[in-house]
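Next come the chains, spelled out residue by residue.
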Amino acid sequence: MMPKKQKSLLLKLSVVVALLWLAFVLFIGNDSALSDDRYGRNEHVQSHHASWGNDLHALDGSRQPVIARPDPDRLRFEAAMRKDAEEEAKRRENEELEKQRLEEERRRRIQGRAVPPFMNMQNFESVKKSTNATIVNGVDLSAVDDSTRRLIEKGLLVPKWNLEKEVAANPNGTGEFGVGVIIVKENLSAIERKEFDDGWQHNAFNQYISDRVSLHRALPDVRDAECKTRQYREKLPQASVIIIFHNEAWTVLLRTVHSVLDRSPPHLIKEVILVDDFSDFDHLKTRLEEYVAKLEKVRLVRGKKREGLIRARLLGASVASAEVLIFLDSHCECTKGWLEPMLDRIAENRSNVVAPIIDVLDDETLKYQYSSAYSTSVGGFDWNLQFNWHPVPDREKKRRKSMVDPVWSPTMAGGLFGISREYFEYLGTYDPGMDIWGGENLELSFRIWMCGGVLEIVVCSHVGHIFRKRSPYKWRTGVNVVKKNSIRLAEVWMDGYGKYYYERFNNDLGDYGDITARKQLREKLQCKSFDWYLKTVFPELFIPGDALASGEIRNKAPGSFNGNQQPACVDSAVDKNANNKPVKLWPCHNQGGNQYWMFSKDGEIRRDEGCIDYAGQFVMIYPCHGMKGNQEWIYGQDNTLRHKNTNLCLQISDDGTKLEMKPCTGIDRQIWYWRRKTETTPGLQKTSLIAKAR
């Protein structure tokens, strides 16, 4: 048994050893922490050990982190975790890169710059150079037909991609989904080049491309989103679709027919009537008859002589049997949902006459070009009785509840529209005294509005149309049928306002036929006046009667033309092709036309929608904007034409060949005479006397 004294000494020694050990442990721990802090690792080490629960009670009872040697198993675990995290990050990075690559490829396809899958970027430029193609077709050659593949391999076919909505039998086929196709003519063989040129000559569009596009090609669904969800009546009237053609290209004609059949509910198409206006191309004879015989609901009617569009349409209407007549040109393509909204408006009221949004089928590439409801235009006309387009007026925007509601239109283009057969007959169909085409669209438009109907553009209906830059057809010479037709409509429907049209050709009306029956029709229908039409339906139209002066603008001094001194007049076209181009000086010809001008109450020198404008460089044509500025002129009592903004005067140049703006001095070359005037116009009384003296 140990003595008490020894036990006490041993206990004290144990306490000392314990205290020394504790002090040693604390010293080592603090030193390690300080060491880690020097390298910025203290926080990491503390959090690491805290996560494993390696804590020690301090003397004051609190829990403090203790630095301990890392566990080897833990180190292996952390290494595996880091490796997994790095692999996951790399996988996500690869996924993001692939996503970006696919998005870039999609963007290039839409913009027409797709790189074929068999081609990488390194050899892309060399292949493009070797084919002389500006763009390379982004398709898999193994998936296309032989004809398309040969064109691609030669570098002759260059698609421009569009958004894809429909399902095509051959998604990579030429022209699918509204794709435009470019042919590199220089790379064609002599035989192919002749085919290319002949197509343009016969049709005034690119038949070479059309012949390589499927008759059933897919088109994008171009309707606005709201149109796609609109509901129409369950019971809609059936339609007879009437298509007039004369010497039309085979593929364009049949693509029109198939677009009607492929994109119309079958129960709404009663018949498609093809009216042949005395064609003489071989492919439109027996071959067409045999083809049509295989198509359900399609009929072929042939005229016995060349009648022209107007009377050929009357022939088609005479054999139609459906409640609604839909007239189409023979170079169209109907899109998805085109028919139902048109029929729905006629079902609403039989006196509604409807036209679709007419989209553009590019005459060179056959690309389908379209726009949204927000850019819809309405039909109008100028005092040369030419149809034109205008923005939807504010008053019409306020009347409609939605941007995709039908738009009231003063006139229609006339090539594509739908009308109740009963109402068409009630209105007197077309004027049979009109020849060929031209003016019939305005005549029918005036008649619809003045005789109780409404003319609408149906925003949810889209039909593509090839707009030719010239007419490929020949007619007998010596007869201006458009002028004759326009005079007939002016005499019957325009009341006294027709004089503003007649002024354009010095009131030389000529023979325009008997209009007695048409005047009796107007009286029978108790139609409103043309003055009502202008004030109610088309109040935006500038009325020549409001002009302070009109006619030619002739200079007091002669001009010099090919070395000869001749009377000089202000001369220019005012169509869109004339915008921003100089106004010319030209020998006065007394024929109106490009030398017919009006001086408005706002100081505009204008013809229809084109105004003479001066912005500091040269005198030009620019669309009338009604804001004065560069388009405001002052016709002074001294017969000068002074530009208000610059205070310069319009004059003939020193050499007598062009127009220019110079400080006003009153010299002869700055004196201008209007051929006609109103007595209230300052400075025009003297002009009238001079004009009469001439």
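Before reading on, note that the structure itself is shown above.
Residues numbered from 1 in each chain as written. Predicted model: local features only at pLDDT ≥ 70, side-chain atom pairs only at ≥ 80, totals over all residues. Heavy atoms only, no water.

Caption draft 1: Fine view of the overall build of the protein chain. The number of helices and strands found in the protein chain is 20 helices and 28 strands. The 694 residues of the protein chain split such that 48% are buried. The contacts of the protein chain with a sequence gap of at least 6 include a subset with a gap of at least 24, amounting to 69%. Counting every atom, the protein chain has about 36000 Å² of accessible surface; 52% of that belongs to carbon and sulfur. (Helix = DSSP H or I, 4+ residues; strand = E, 2+ residues; numbered from the N terminus. Buried < 20%, exposed > 50% of the residue type's maximum accessible area, 1.4 Å probe, protein only. Contact = heavy atoms within 4.5 Å. Areas by Shrake-Rupley, 256 points an atom, 1.4 Å probe, with all protein chains shown as cover.)

Caption draft 2: View of the sheet that holds strand S24 (residues 633–635). Pairing is antiparallel across the open sheet formed by four strands, whose spatial order is S24-S25-S26-S27. Edge positions in the open sheet fall to S24 and strand S27 (659–663), since each of these has one partner strand only. Shown here is a sheet whose adjacent strand axes are inclined to one another by a mean of 40 degrees, direction ignored. In the sheet, strand S26 (residues 648–652) pairs with S27 via five bridges, with the strands oriented antiparallel. The partner of Leu648 across the bridge, within S27, is Pro663. (Pairing = 2+ DSSP bridges. Axes fitted to C-alpha atoms, helices over the stretch in contact; angles between N-to-C directions.)

Caption draft 3: How the structure looks around the pattern of salt bridges. If you walk through the whole model with that rule in mind, you get 35 salt bridges. Between Asp277 and Arg306 there is a salt bridge, and its shortest N-O distance comes to 2.3 Å. Here the residue Asp277 occupies a position in the loop between strand S6 (269–276) and helix H10 (286–293), and Arg306 occupies one in the loop between strand S7 (298–302) and helix H11 (309–319), the gap between them amounting to 29 residues. The exposure class assigned to Arg306 is partly exposed, which follows from its relative accessible area of 23%. Between Glu443 and Arg447 there is a salt bridge, with the nearest N and O atoms lying 2.6 Å from each other. Within this pair, Glu443 and its partner Arg447 are both found in helix H15 (residues 440–450), separated by four residues, close to a single helical turn. Taken individually, Glu443 and Arg447 each receive the classification buried, so the pair is uniform in this respect. Overlapping salt bridges bring together Asp431, Glu443, Arg447, Arg488 and Arg518 as one network. (Salt bridge = Lys/Arg side-chain N within 4 Å of Asp/Glu carboxyl O.)

Caption draft 4: Region of interest: the packing of aromatic side chains. By the definition in use, this model includes 27 aromatic pairs. Consider the rings of Phe381 and Phe446, whose centres lie 5.3 Å apart with planes at 65 degrees: the pair is edge-to-face. With Phe381 in strand S12 (residues 377–381) and Phe446 in helix H15, this pair connects stretches of sequence that are 65 residues apart. Summarising the burial analysis for this pair, Phe381 and Phe446 share the class buried. A centroid spacing of 6.5 Å and a plane angle of 50 degrees characterise the contact between Phe381 and Phe530, whose relative ring orientation is tilted. With Phe381 in strand S12 and Phe530 in helix H19 (residues 530–536), this pair connects stretches of sequence that are 149 residues apart. The residues Phe381 and Phe530 share a single accessibility class, namely buried. Across the ring face of Tyr208, the terminal group of Arg212 is positioned such that the distance to the ring centre comes to 3.6 Å. (Phe/Tyr/Trp six-rings, centres within 6.5 Å; stacked < 30°, edge-to-face > 60°. Lys NZ or Arg CZ within 6 Å of the ring centre and 35° of its normal.)

Caption draft 5: Fine view of the state of the cysteines. Going through the model one piece at a time under the given rule, you end up with five disulfides. Across a sulfur-sulfur distance of 2.0 Å, Cys227 and Cys460 are joined as a disulfide pair. Where Cys227 bonds to Cys460 through sulfur, the torsion about that S-S bond is close to -75 degrees, and the disulfide is left-handed. Within this pair, whereas Cys227 is found in helix H8 (residues 225–228), its partner Cys460 is found in strand S16 (residues 454–466), the two being separated by 233 residues in sequence. When its relative accessible area of 2% is taken as the criterion, Cys227 is described as buried. (Disulfide = S-S within 2.5 Å.)

Caption draft 6: Summary view of the pairing of strand S22 (residues 610–614). Of all five residues in S22, five are buried; the element is thus mostly enclosed. Two elements, strand S21 (residues 605–607) and S22, share two bridges in a ladder whose sense is antiparallel. Residue pairing across strands places Arg606 opposite Cys611, the latter belonging to S22. In sequence, S21 turns back onto S22 through a hairpin of two residues, with Asp608 there showing a positive phi of about 55 degrees. Two strands pair when backbone bridges link them, and S22 and strand S23 (residues 619–623) are joined in this way by five bridges, in the antiparallel orientation. Bridge pairing in S23 places Cys611 opposite Tyr622. Between S22 and S23, which pair antiparallel one after the other, the connecting turn spans four residues, and Gly616 there sits at a positive phi close to 115 degrees.

Caption draft 7: Inspection of the environment of Asn647 at higher detail. Relative to the helices and strands, Asn647 is located in the loop between strand S25 (641–643) and S26. The residues contacting Asn647, other than those within four sequence positions of it, are Arg642 and Cys664. Within polar-contact distance, the side chain of Asn647 engages the side chain of Arg642 at 2.6 Å. (Polar contact = N/O pair within 3.5 Å; in protein donor to acceptor, adjacent residues only side chain to side chain.)

Caption draft 8: Looking closely at the nonpolar core. With 57 residues, the main nonpolar core has Phe381, Phe446, Phe530 and Tyr533 as its most contacted residues. Residue contributions to this core peak at six residues, all from H15. Those residues in contact with Phe530, other than ones at most four positions away along the chain, are Phe381, Trp383, Phe446, Met450, Trp493, Met494, Asp495, Tyr497 and Arg522. Core analysis: the second largest hydrophobic core is formed by 35 residues, Val272, Leu339, Ile346 and Val458 among them. (Core = buried A, V, L, I, M, F, W, Y, C linked by side-chain atoms within 4.5 Å.)

Caption draft 9: Highlighting the side chain of Asn203. Note on placement: Asn203 falls in helix H6 (residues 190–203). On the basis of relative accessibility, which here comes to 1%, the residue Asn203 falls in the buried class.

Caption draft 10: Focus on the environment of Leu253. Tracing the backbone through its elements, the reader meets Leu253 in helix H9 (residues 250–262). Note: C-alpha distance between Leu253 and Cys332 (79 residues apart in sequence) is 8.0 Å. If we skip the residues at most four places from it in the chain, Leu253 touches Ile243, Phe245, Glu248, Leu274, Leu284, Leu288 and Ser330.

Caption draft 11: Helix H18 (residues 516–525), seen in detail. Those residues of H18 that sit buried are Arg518, Leu521, Arg522 and Leu525. Taken end-on, H18 shows its buried residues confined to a sector of 100 degrees, consistent with a single buried face. Facing away from the buried side of H18, by more than 90 degrees, are the exposed residues Gln520, Glu523 and Lys524. The inward-facing, buried residues of H18 contact helix H14 (421–427), H15, helix H16 (481–493) and H19. (Arc of directions from axis to C-beta.)

Caption draft 12: Local environment of H15. Of all 11 residues that make up H15, 11 are buried, and the element is covered over most of its length. Every buried residue belonging to H15 is among Glu440, Asn441, Leu442, Glu443, Leu444, Ser445, Phe446, Arg447, Ile448, Trp449 and Met450, and all of these are buried. Of the residues one or two after H15, Gly452 is the one with positive phi, at around 100 degrees.

Caption draft 13: View of unusual backbone geometry. Positive phi values are uncommon outside glycine, yet Asn590 reaches one of about 60 degrees. Within the secondary structure, Asn590 is located in the loop between strand S19 (584–587) and strand S20 (597–599). The phi dihedral of Asn639 falls on the positive side, at around 70 degrees, and the residue is not glycine. Here Asn639 lies in the loop between S24 and S25.

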